[in-house]
Amino acid sequence: MAAELSFSDEIANMMYASHGNPIRECIQCGTCSGTCPAAEFMDHTPRQIIGMIRADLKDEVLASNTYWSCASCYHCTVRCPAGIDIADMMYALKRYSMWKKSYQEGLIGPAFSESFVKMIAGSGRSFEPQLAPAYLFKYGPRGLIQEAQMATSLVFKGRMPLLPRKIKGLENFQRMVRRIIPIGESS
Amino acid sequence: MKQYAYYPGCSLESLAESYNVSTLEVARGLGLDLKEIEDWNCCGATAYFPVDELLAYTLVARNLAIAEKDGASDFVTPCSACYKNAYFTNAYLKRDADLADHINYALEADHLHINGTLRVRHLIEVILEDVGLEEVKKNVTHPLKDLKVAPYYGCQMLRPRKDHENVENPQFFEQLLAALGADPVPYPSKTRCCGGSLIITNRKAALDMVRKLLEDAVNHKAEVIATTCPMCNINLEVYQAQVNQEFGTQFSIPVMYFTQLMGVAMGLKPKSLGIGKEMVPGVPLLNFAQS
Ligand code: SF4
Ligand code: SF4
């Protein structure tokens, strides 16, 4: 029987098309962390997260907000001297944590991504107001008022459409989506 | 004349509609023939990849496949996030037959097939390379003389591509602005991230990133920030008031699409360029507009 996969291998397996080098090549230089514009909002810097994956600290990685704080700006990726695609690895970690249904409490990212995908599967197009429930609760009353004020002025300026759009060939589109992932009867 | 398969993307139908109308007006003025891709779907921006990678590529591939079927050779989009998705989906499936097979199996359900024959390009690239700076200059009737503009490149137009002229310090946006008669201001943050979708998923982090960008542009005496992406524009413009509330700052710098600057310089009517819908009015630019 094959030996159990290491955590590093599991993460590598979550990347289908990305062509970066494996994280064992990381020299822990910290260029990624120094580059990252979101590092100060992360529980662990990108360099630390890589170290933790290599040390098989699965629970600690799953409990970290690091990859959910990644803006996918790819600045780390283009600078890494070891050729690691750190930004795509962050996506892989998001997928891993969604797949394991294990993420830090209170994060908006997982709910947002999930409702986004449901929305697209349902209509083929995205529509901002439909996403609101996924994240609005998080910002509390003050945030809600701010958000509502902003939305009102956007509507007033003619920038916020009031009706969602749909693509015409929705049925075939949904058949296509179902060939990749099972979607329920989307509303 | 060459025809381009045009992919506006979802933002250009709503919050960034001004980007769409100014793109179409400027393209018409420059003689670029943009044909909107029939029944395109959302490319997912950054929100599919956390759920399923293959689905993310497939959704992008559908738009490319429709353009291929229509006989297009070039796919062009003004949205940097859409551009990055389309560029890499196209590149990956060309060098990975296995990935192409998977995607084509799904596309078949929609009677489509992708070969990866398109050239995927950002609108600014088409203007610079196919139209050219000389031709742009010839179309300038209302030069934006001495207008101090901060060119904001953002991320996805430049990265993760590594084969660009200069990933760390590109110059092409400055050159375009100079061709319009404007005075591009140098500032170190021009390729730093605006926070992207963190504005939704981690508001605190994103507002901080926006604040740093605004601060840098303002400190370098910019009067207007020019963008090449609806997401960047929305973060820097629509959320400017929230930055002010959060940090007690008093930013009030207009953020305009580069196509709006081009249009004004080409003597097009501000209204036809979607100008007037900003949260921070584009006054410094309007001074140059034809009356
Ligand atoms: S920049 Fe690359 S090599 Fe350096 S710590 Fe980050 S991932 Fe490792
Ligand atoms: S891609 Fe993510 S991890 Fe890398 S620098 Fe940008 S925000 Fe940081």
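Enquirer: Help me understand the pairing of strand E1 (residues 3-6) of chain B in this model?
Expert: Within a regular beta strand, the side chains point alternately toward one face of the sheet and then the other, so they alternate between its two faces. All names here are of chain B. Direction of pairing for E1 relative to strand E2 (residues 33-36): parallel, over a ladder of 4 bridges. For tyrosine 6, the partnering residue across the bridge sits in E2 and is glutamate 36. Crossover handedness for the path E1 to helix H1 (residues 17-30) to E2: right-handed. In this structure, E1 lies alongside strand E3 (residues 74-77), joined through 2 bridges in parallel fashion. Looking at E3, one finds that tyrosine 6 is bridged to valine 76.

Enquirer: Before we go on, may I ask you to explain the site of ligand 2 in this structure?
Expert: For ligand 2, the full set of nearby residues is A:Cys36, A:Pro37, A:Pro46, A:Cys70, A:Ala71, A:Ser72, A:Cys73, A:Tyr74, A:Cys76, A:Ala87 and A:Met90. Looking at side-chain class alone, the shell around ligand 2 contains 10 nonpolar, 1 polar and no charged residues.

Enquirer: Got a minute to help me understand the domain arrangement of chain B in this structure?
Expert: How big an interface is tends to be expressed through the accessible area that disappears when the partners come together. All names here are of chain B. When its domains are assigned, chain B resolves into domain 1 (3-123) and domain 2 (141-290). The distance between the C-alpha centroids of domain 1 and domain 2 comes to 24 Å. Listed by partner, the interface residues are 25 residues for domain 1 and 24 residues for domain 2. With both sides pooled, the region where domain 1 packs onto domain 2 buries about 2100 Å², and carbon together with sulfur makes up 71% of that total. Broken down residue by residue, the surface that domain 1 buries against domain 2 is led by Tyr19, Val26 and Ser80, which jointly contribute 24%. Summed over the shared surface of domain 1 and domain 2, the result is 1 salt bridge. At the surface where domain 1 touches domain 2, the tally comes to 7 residue pairs in polar contact (both at pLDDT 80 or more). Elements that contribute at least two residues to the side of domain 1 that touches domain 2 include exactly H1 and helix H3 (80-95). Element by element, the count of residues in the side of domain 1 that touches domain 2 is highest for H1, at 10 residues.

Enquirer: Just to check I follow, could you spell out the site of ligand 1 for this structure?
Expert: Around ligand 1 sit 13 residues, and of these A:Cys26, A:Cys29, A:Gly30, A:Cys32 and A:Cys80 come closest. Mapped by element, the contributors of at least two residues to the shell around ligand 1 are helix H2 (31-35) and helix H3 (46-54) of chain A.

Enquirer: Could you clarify how one ought to interpret the sheet that holds strand E6 (residues 183-184) of chain B in this entry?
Expert: Strand pairing in a sheet is mediated by backbone hydrogen bonds. Such pairs are either parallel or antiparallel. Residues and elements named next belong to chain B. Spatially, the 4 strands line up as an open sheet ordered E6-E5-E7-E8, and their pairing is parallel. Where the open sheet ends on each side, the last strands, each with one partner, are E6 and strand E8 (255-257). Of the pairings in the sheet, the one linking strand E7 (residues 224-227) to E8 comprises 3 bridges and is parallel in character. Within the sheet, the bridge partner assigned to isoleucine 225 lies in E8 and is valine 255. With respect to the sheet, helix H12 (residues 258-265) is in contact with strand E5 (148-152), E7 and E8, its orientation differing from that of E8 by roughly 75 degrees.

Enquirer: Would you take a moment to explain the interface of chain B and chain A for this structure?
Expert: Taken together, the contacts link 71 residues of chain B with 65 residues of chain A. For the chain B and chain A pair, buried surface summed over both sides reaches about 6400 Å², with 57% attributable to carbon and sulfur atoms. If you sort the residues of chain B by the area they bury against chain A, B:Leu15, B:Pro50 and B:Ile200 come out on top, with a joint share of 10%. Where chain B packs against chain A, one counts 6 salt bridges. At the junction of chain B with chain A, the criterion picks out 19 residue pairs in polar contact (both at pLDDT 80 or more).

Enquirer: Which parts of the structure should I look at to understand the environment of B:Val51?
Expert: Inspection of the secondary structure puts B:Val51 in the loop between E2 and helix H2 (53-69). Owing to a relative accessible area of 27%, B:Val51 belongs among the partly exposed residues under this scheme. Beyond its immediate stretch of four places on either side in the chain, B:Val51 contacts A:Arg95, A:Met98, A:Ser113, A:Glu114 and A:Val117.

Enquirer: Where do I start with unusual backbone geometry in this structure?
Expert: Glycine aside, residues mostly have negative phi angles, and peptide bonds mostly take the trans form. Looking along the chain, the bond that leaves B:Arg159 and enters B:Pro160 is cis, with omega of 5 degrees. Mapped onto the elements of the fold, B:Pro160 is located in the loop between E5 and helix H7 (172-179). Despite not being glycine, A:Lys101 shows a phi value in the positive range, around 50 degrees. Residue position: A:Lys101 is located in the loop between helix H6 (86-99) and helix H7 (109-123). For A:Lys101, a relative accessible area of 70% puts it in the exposed group.

Parameters and conventions
Residues numbered from 1 in each chain as written. Chains lettered and ligands numbered in written order. Predicted model: local features only at pLDDT ≥ 70, side-chain atom pairs only at ≥ 80, totals over all residues. Heavy atoms only, no water. Pairing = 2+ DSSP bridges. Helix = DSSP H or I, 4+ residues; strand = E, 2+ residues; numbered from the N terminus. Right-handed = clockwise from strand over helix to strand, strands pointing away. Near = heavy atom within 4 Å. Nonpolar A, V, L, I, M, F, W, Y, C, P; charged D, E, K, R; others polar. Domains from an automatic or database assignment. Contact = heavy atoms within 4.5 Å. Buried area = accessible area lost by both parts, 1.4 Å probe. Salt bridge = Lys/Arg side-chain N within 4 Å of Asp/Glu carboxyl O. Polar contact = N/O pair within 3.5 Å; in protein donor to acceptor, adjacent residues only side chain to side chain. Axes fitted to C-alpha atoms, helices over the stretch in contact; angles between N-to-C directions. Buried < 20%, exposed > 50% of the residue type's maximum accessible area, 1.4 Å probe, protein only.

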